[in-house]
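One letter stands for each residue in the lines below.
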Amino acid sequence: MGDLLAALGDYTLRTVALGAAVLGLLGGALGTFAVLRRQSLLSDALSHATLPGVVLGFLVTGTTSGSGLMVGAAVTAALAAGLVLVVVQRTRLKQDAVLALVLSVFFGVGTVLLTYVATTGASGQSGLDRFVLGQAAGLVASDVRVMAVLTAVALAVVALLYKELKLVAFDPTFARAVGYPVRRLEALLTALLVVAIVVGIQTVGVVLIAALLITPAAAARQWTDRLAVMVVLAALLGAVSGAVGALLSATTTDLPTGPLIVLVATGIFLVSLPARALRTRLGARREVSARRAKGVGVR
Amino acid sequence: MSVDLVIVVTAILVVVPCALLGSVLVLRQSVMVGDAISHAALPGIVLAFFLTGSLGPLTAVAGAAVFGLLTVVLVDLLQRGGRVRGDAAIGIVFTGLFALGVLLIARYGGNVHLDLEHVLFGEIAFAPLVTLEVGGVDLGPRSWWTMGVVAVAVVTFVLLLYKELKVTTFDPGLATVLGLSPVLVHQLLMALVSVTVVGAFDSVGAILVVAFLAGPAATAYLLVDRFSVMLATAVGTGAGSAVVGYLLARVWDLSIAGMMAGVVGVVFLTALLLGPRHGLVAAALAERRRRTRLRERLVRHARGSVGEGATVAQLAERLHWPVAEVERVVARIS
């Protein structure tokens, strides 16, 4: 406990914890829509698809700092998203096959590019590895500021288009029938997903960023049936996972932050699992007492 | 033994079971389970290492296989009762287990020779270096033995249960009526997928396994319509991609596994664009033909109602089309 309190006073740690919390917030809020639209694993495919972009960004700019890598990551992730969309819409292949294919091929091309960078012997290439497993400890205040701004923008978009996104998440056919631009809204949600992934890979890495988008949202789903509550709750649970994971990793020296954040989120999810059953039972009891009060017979 | 031979044969031994099982998974829409298993096996490998203190071939594969099966069971458990949808369940389980694996390596792996990157990406280039020795006798590359056993098991499974696989995949309802137990076939299939993924990623790395599971099968699905032909096509394209990928990687001295995955992607893109019936180009051409034919019928119909000697201008007015458009169609049909 003393460690924890001492750690709270530490500037670097506060930065890392804050960054992880912001990331969890963003992941939870956007993940809600991904989970409800059965697009959970899209985030996994897109995060793997950032690798070739990161390496290309490095090859073009020649440095691992700066926004070149982020832009590259966003470009190849968006390319992958477009490819998934085209193949699923135009052929008889189903989403999961396309996701697995895109994920492995993009990542494979990324590793080919990594070996190419190694043969050119460019300096500073070692920084590229951190994208695979993430390196939260490397977060600095300016990173966190960028993350916070992007998160604010993404959340503002969600808040502004809340009604439309809700309809698209639950009943896209109806949304199309009443004239909403469903394609564009879906593209927007995917674009926001790409933003969240690009913001997150530095911190938790390519493989585990999917957890920040899926697990808090799935946990929140157990507690509520209302979308607004779910978005807020998922964002909160994500933020808590991020902060707690970062703090835990600071108390012991050799525990990496990314996996800890994911494990905290998974723990929250496991604790949440009984909530749905509990809710159903409570709901049934409430219904029974309501019926009694009305004098209606109980089955 | 030549290095090239060992690597190419290993790759083909991985391709055969991956392409066969991948075809079934593509049709059943559960390819991502393979991806999940390949990541979730990590803690199994680490725990097996801690328990036995060595990274022997059998301990690693056994530990990974246990966690592979655990993944399938956990995903099924979460899905049951509709608590979590299938894709979310897969995402939660594999990220959680993978995080656990990374944590175990970081916490206790300091004094242990367990290289995470190797476990994750594997490196098929090392296949010739790892040989199986029993009682001091060199029995050849270890990967040949692991993947050979897996390949034989999968081929036997597909041959013996061909009919059952086909019926349970395409029509689970009919399968139940016929007494074929889709559940049993599903569990057998998942167990084999688990063993294949784990055995293969010991030899070639997780990413290439997923590429071989999804790529050749998806390519075949775009090219052919019969299940048996699809299986053969998948194995053929997979083996071809592996060989070409290896040659390119040798020429340019780049990552072999990555290059093979890249070639799998190129082959898929080619089939996607140029496939004879389901390809994008063929579909666009067919669409154009349909439109042309419809236009011709509309013009004939308009001519019928206006009168045989109708001028282009009259037809254009009747159809509310631009004159040039009608001219083109009339030139084609007369």
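Worth saying up front: this structure is predicted, and the values here are computed from it rather than measured.

Student: Lay out the overall build of chain B in plain terms, naming residues and giving numbers.
Tutor: Looking only at helices and strands, chain B features 16 helices and 2 strands. A sequence separation of at least 24 residues applies to 66% of the contacts in chain B between residues at least 6 apart.

Student: Tell me about the overall build of chain A, and name the residues and values.
Tutor: A count of helical and extended segments in chain A gives 13 helices and 0 strands. The proportion of buried residues among the 299 residues of chain A is 52%. Restricting to contacts in chain A with at least 6 residues of sequence separation, those with at least 24 account for 74%.

Student: Can you tell me about the interface of chain A and chain B, naming the residues and giving the values?
Tutor: With 46 residues of chain A at the contact, the number on the chain B side is 52 residues. Only α3 (40-48), α5 (68-90), α6 (95-120), α11 (182-223) and α13 (257-294) of chain A provide two or more residues apiece to the side of chain A that touches chain B. Per-element tally for the side of chain A that touches chain B: the top contributor is α6(A), with 16 residues. Among the residues forming the side of chain A that touches chain B, the class breakdown is 29 nonpolar, 9 polar and 8 charged.

Student: Tell me what's going on with helix α13 (residues 256-274) of chain B, and back it up with residues and numbers.
Tutor: Given a rise of 1.5 Å per residue, 19 residues ought to cover 27 Å, and the 27 Å separating the end C-alpha atoms of α13(B) matches this to within 8%. Most of α13(B) sits inside the fold, with 14 of its 19 residues counted as buried.

Student: Quick rundown of the packing of helix α2 (residues 11-36) of chain A against α11(A)? Include the residues and the values.
Tutor: Residue and element names in this part refer to chain A. Axis separation between α2 and α11 bottoms out at 6 Å; the angle between their running directions is 60°. As far as their axial angle goes, α11 and α2 are oblique. Between α2 and α11 lies a crossing of right-handed hand.

Student: Residue-level account of the nonpolar core, with values.
Tutor: Proteins that are soluble and globular tend to have nonpolar side chains buried together. In this structure, V102(A), V93(B), V209(B) and M260(B) are the most contacted members of the largest nonpolar core, which totals 204 residues. Those residues in contact with M260(B), other than ones at most four positions away along the chain, are A11(B), L208(B), S241(B), A242(B), G245(B) and Y246(B). Membership of the second largest hydrophobic core comes to 5 residues, among which are V299(B), A316(B), V326(B) and V329(B).

Student: Pulling in residues and values, what's your account of the environment of V149(B)?
Tutor: Examined against the element boundaries, V149(B) turns out to sit in helix α7 (residues 142-160). Each C-alpha atom, one on V149(B) and one on T196(B), is 9.7 Å from the other, the two residues being 47 residues apart in sequence.

Student: So what's going on with the confidence of the model for chain A? Which residues, and what values?
Tutor: Per-residue confidence for chain A averages 83 on the pLDDT scale, and 89% of its residues sit at or above 70. Per-element mean pLDDT across chain A ranges from 55 in helix α1 (residues 2-8) of chain A up to 90 in α3(A).

Student: Talk me through unusual backbone geometry; I want residue IDs and the actual numbers.
Tutor: Residues and elements named next belong to chain B. One non-glycine residue, D253, adopts positive backbone phi at about 60°. By secondary structure assignment, the location of D253 is in the loop between α12 (227-252) and α13. What makes D253 exposed here is the crowd of 11 C-beta atoms within 10 Å. Its identity as a non-glycine residue notwithstanding, H320 has a phi of 55°, on the positive side. For H320, the location among the structural elements is in the loop between α15 (312-319) and α16 (323-333). Residue classification places H320 among the exposed residues on the basis of 6 C-beta atoms within 10 Å.

Student: Tell me what's going on with the confidence of the model for chain B, and back it up with residues and numbers.
Tutor: Residue and element names in this part refer to chain B. In the predicted model, chain B carries a mean pLDDT of 83, and the fraction of residues at 70 or more is 88%. Of all helices and strands in chain B, the one with the weakest mean pLDDT is helix α6 (residues 116-121) (59), whereas α12 scores best (91). Under the prediction, the complex receives an ipTM of 0.85, its pTM being 0.86.

Student: Which residues make up the packing of helix α1 (residues 3-28) of chain B against α12(B), and what values go with them?
Tutor: Helices that pack against each other are described as a pair by the angle of their axes relative to one another and the distance between those axes. Residue and element names in this part refer to chain B. Interhelical geometry of α1 versus α12 gives an angle of 150° and a closest axis separation of 8 Å. By the angle between their axes, α1 is roughly antiparallel relative to α12. Considering how the two elements wind past one another, α1 and α12 form a crossing that is right-handed. Every residue of α12 that contacts α1 at I7, V8, A11, I12, V15, V16, C18, A19, L20, G22 and S23 is listed here: M230, L231, A234, V235, G238, A239, A242, V243 and Y246.

Student: Describe the environment of V178(A), and please don't skip the residues or the numbers.
Tutor: Examined against the element boundaries, V178(A) turns out to sit in the loop between α10 (172-177) and α11. The exposed category is assigned to V178(A), around which 9 C-beta atoms lie within 10 Å.

Thresholds, definitions, all that
Residues numbered from 1 in each chain as written. Chains lettered and ligands numbered in written order. Predicted model: local features only at pLDDT ≥ 70, side-chain atom pairs only at ≥ 80, totals over all residues. Helix = DSSP H or I, 4+ residues; strand = E, 2+ residues; numbered from the N terminus. Contact = placed C-beta atoms within 7 Å. Buried ≥ 20, exposed ≤ 12 C-beta atoms within 10 Å, placed from the backbone. Nonpolar A, V, L, I, M, F, W, Y, C, P; charged D, E, K, R; others polar. Expected span 1.5 Å × (residues − 1). Axes fitted to C-alpha atoms, helices over the stretch in contact; angles between N-to-C directions. Parallel < 35°, antiparallel > 145°, perpendicular 65-115°, else oblique. Left-handed = near helix turned anticlockwise from the far one by under 90°. Core = buried A, V, L, I, M, F, W, Y, C linked by C-beta atoms within 7 Å. pLDDT = per-residue confidence, 0-100.

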